Amino acid sequence: MKQYVYLLSCEHSGSTLLSFVLGAHPLISTVGEIAGYTHYSNYKCSCGFTFYECPFWQQVLKEMSREGFSFDLSDFGINISPYLYGKPYFYRLYHHVFYNQQLEFLKNRFFEIFFPSFYRDLILRVKKNFILANVISQIQKKPIFFDSTKDHFRLKLLKQISSVPVKVIHLVRDGKAVVGSMIKREGYSPHKAINTWIKKNETIERLKKNYFSESDWFFLRYEDLCNNTSLILSDLSNFLGVDSSFNLSSFDKSKFHVIGNTMRLSFDGTIRKPSVPSLETEVENLFVLNKRAMSLYRKYGYV
Ligand SMILES: [Zn+2]
């Protein structure tokens, strides 16, 4: 693996689509959200096989044990969720990204010095994540690994331990469309949906400010990817240092082993124009009256 490319975005922003698009490049390896899911026995890989029957994942299993890792397909052992350690509030402080760079640095040092076993365990899990990505990249014979896991905290730790350059794609979708989708598909209240979109994107902005340079960061609007696909793919190619040979015209799903939402099973290689978001009037009003939501909405060019 020569480069680790990490996706940051709010949920329901088109990450599974982007995984398929990038994975259609001869030099980009991906399994979508490498750390996003627990894999039940009937969980279907995007290739059509169940997770346990998929020959690709069986090969991953074999290669990981060759690397010296006990590896289980039902749980990769790379989960760093706030609930893992039974101290979610304590952990959330670590998970939080401060705007102030010095405060952020002090917080990181505080956890590293005063909670060394906790910190070591996190780093071990992220190292295993890195080795897994390397194994997948080798099996797929593609040197760039794309991870659409989306968790900003994992990215921060990955950047710390990675022996290859880490680049970021920040994927944004029209906030109203994301809010509508979270209400419809996740049953979120309008408040929760709006706050989720705001908090995730604000956190991503702070992470960028404190940890990344402009040259390692690509801002991508989902709508631009769908409406101006060739232009965006050309820009993305330049960013990743590859040519623009994304092979979507002869899309062969059996070659993809993507973990992610149900779109992994329905995607047929066609990038469809996004629909114009329509929210119920009271949800629309809540969104428009929210200063933080509208500030991001303007920043991302949606008004
Ligand atoms: Zn598969």
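Residues numbered from 1 in each chain as written. Predicted model: local features only at pLDDT ≥ 70, side-chain atom pairs only at ≥ 80, totals over all residues.

Looking at an unreviewed UniProt entry, one finds the protein chain named Sulfotransferase, with Thermosulfuriphilus ammonigenes as its source organism.

Asker: Would you take a moment to explain the overall build of the protein chain for this structure?
Answerer: The helix and strand inventory of the protein chain stands at 13 helices and five strands. In terms of overall dimensions, the protein chain is globule-like: its C-alpha atoms have a radius of gyration of 19 Å, near the 19 Å expected for 303 residues. Each principal axis of the C-alpha distribution contributes one length, and for the protein chain these read about 55 × 55 × 40 Å. A buried classification covers 33% of the 303 residues belonging to the protein chain. Counting only contacts in the protein chain whose residues sit at least 6 apart along the sequence, the fraction spanning at least 24 positions is 78%. (Helix = DSSP H or I, 4+ residues; strand = E, 2+ residues; numbered from the N terminus. Rg over C-alpha atoms; globule rule 2.2 N^0.38 Å. Buried ≥ 20, exposed ≤ 12 C-beta atoms within 10 Å, placed from the backbone. Contact = placed C-beta atoms within 7 Å.)

Asker: Got a minute to help me understand the pairing of strand S3 (residues 144-147) in this structure?
Answerer: Moving residue by residue along a regular strand, the side chains alternate between the two faces of the sheet. Burial along S3 is two-sided: Ile144 and Phe146 and Phe145 and Asp147, pointing in opposite directions, are all buried. Note: strand S1 (residues 3-9) against S3, four bridges, orientation parallel. Residue pairing across strands places Gln3 opposite Ile144, the latter belonging to S3. Pairing of strand S2 (residues 28-30) with S3, which is carried by three bridges, proceeds in the parallel orientation. Looking at S3, one finds that Thr30 is bridged to Phe146. (Pairing = 2+ DSSP bridges.)

Asker: Quick question: what am I supposed to make of the packing of helix H8 (residues 190-211) against helix H13 (residues 291-299) here?
Answerer: The interhelical angle for the contact between H8 and H13, taken along N-to-C directions, is 55°, at an axis separation of 10 Å. Relative to H13, the element H8 lies oblique. Viewed along their axes, H8 and H13 form a crossing whose handedness is left-handed. Of the residues in H13, those in contact with Ile194, Trp197, Ile198 and Asn201 of H8 are Arg292, Ala293 and Leu296. (Axes fitted to C-alpha atoms, helices over the stretch in contact; angles between N-to-C directions. Parallel < 35°, antiparallel > 145°, perpendicular 65-115°, else oblique. Left-handed = near helix turned anticlockwise from the far one by under 90°.)

Asker: Just checking my understanding: could you explain the nonpolar core for this structure?
Answerer: What tends to happen in soluble globular proteins is that the nonpolar side chains get buried as a cluster. Counting residues in hydrophobic clusters, the biggest one holds 51 residues, and the most contacted among them are Tyr6 and Leu132. Excluding residues within four positions of it along the chain, Leu132 makes contact with Ile34, Met64, Phe76 and Ile78. If you look at the next biggest cluster of nonpolar residues, it comprises 12 residues, including Val178, Met182, Phe287 and Ala293. (Core = buried A, V, L, I, M, F, W, Y, C linked by C-beta atoms within 7 Å.)

Asker: I tried to follow the sheet that holds strand S4 (residues 166-172) on my own but got confused; where do I start?
Answerer: Read across the open sheet, the five strands follow the order S2-S3-S1-S4-S5; overall the sheet is parallel. Here the strands that pair on one side only, and so sit at the sheet edges, are S2 and strand S5 (217-221). Averaged over all pairs of adjacent strands, the angle between strand axes in this sheet comes to 25°, irrespective of strand direction. In the packing of helix H6 (residues 152-161) onto the sheet, the strands contacted are S1 and S4, and the crossing angle to S1 comes to about 160°.

Asker: In this structure, what is going on with the packing of helix H7 (residues 175-186) against H8? I would like to understand it.
Answerer: Packed helices, taken two at a time, are described by their axes: the angle between them and the distance between them. Interaxial distance between H7 and H8 falls to 9 Å at its minimum, and their mutual angle equals 135°. When the interaxial angle is binned, H7 and H8 end up oblique. When you trace H7 past H8, the crossing you get is right-handed. Residues Gly175, Val178, Val179, Met182 and Ile183 of H7 touch H8, and the partners they reach there are Pro190, Ala193, Ile194, Thr196 and Trp197. A per-class count over the contact of H7 with H8 returns eight nonpolar, two polar and no charged. (Nonpolar A, V, L, I, M, F, W, Y, C, P; charged D, E, K, R; others polar.)

Asker: I would appreciate a short explanation of H7 in the present structure.
Answerer: The α-helix winds at 3.6 residues per turn, so residues separated by three or four positions along the chain end up facing the same way. Spanning 12 residues, H7 covers 15 Å between terminal C-alpha atoms, matching the ideal 16 Å at 1.5 Å per step. Burial in H7 covers these residues: Gly175, Lys176, Ala177, Val178, Val179, Gly180 and Met182. Tucked inside the fold, the buried residues of H7 contact H8, helix H12 (281-289) and H13. Phi turns positive, to about 75°, at Gly187, one or two residues after H7. (Expected span 1.5 Å × (residues − 1).)

Asker: Looking at this model, I keep getting lost on helix H10 (residues 229-240). Mind explaining?
Answerer: Given a rise of 1.5 Å per residue, 12 residues ought to cover 16 Å, and the 16 Å separating the end C-alpha atoms of H10 matches this to within 8%. Phi turns positive, to about 75°, at Gly241, one or two residues after H10.

Asker: What exactly am I supposed to notice about the environment of His12 here?
Answerer: Here His12 is to be found in the loop between S1 and helix H1 (15-23). Judged by C-beta crowding, with 22 C-beta atoms within 10 Å, His12 ranks as buried. Put simply, His12 and Glu284 are 272 residues apart on the chain and 18 Å apart in space, counted from C-alpha to C-alpha. Those residues within four positions of His12 in sequence are excluded, and the remaining contacts are Val178, Ser181 and Met182.

Asker: I tried to follow the environment of Asn290 on my own but got confused; where do I start?
Answerer: Relative to the helices and strands, Asn290 is located in the loop between H12 and H13. For Asn290, a count of 18 C-beta atoms within 10 Å gives the class partly exposed. Spatially, the C-alpha atom of Asn290 lies 9.5 Å from that of Asn195, the residues being 95 residues apart in sequence.

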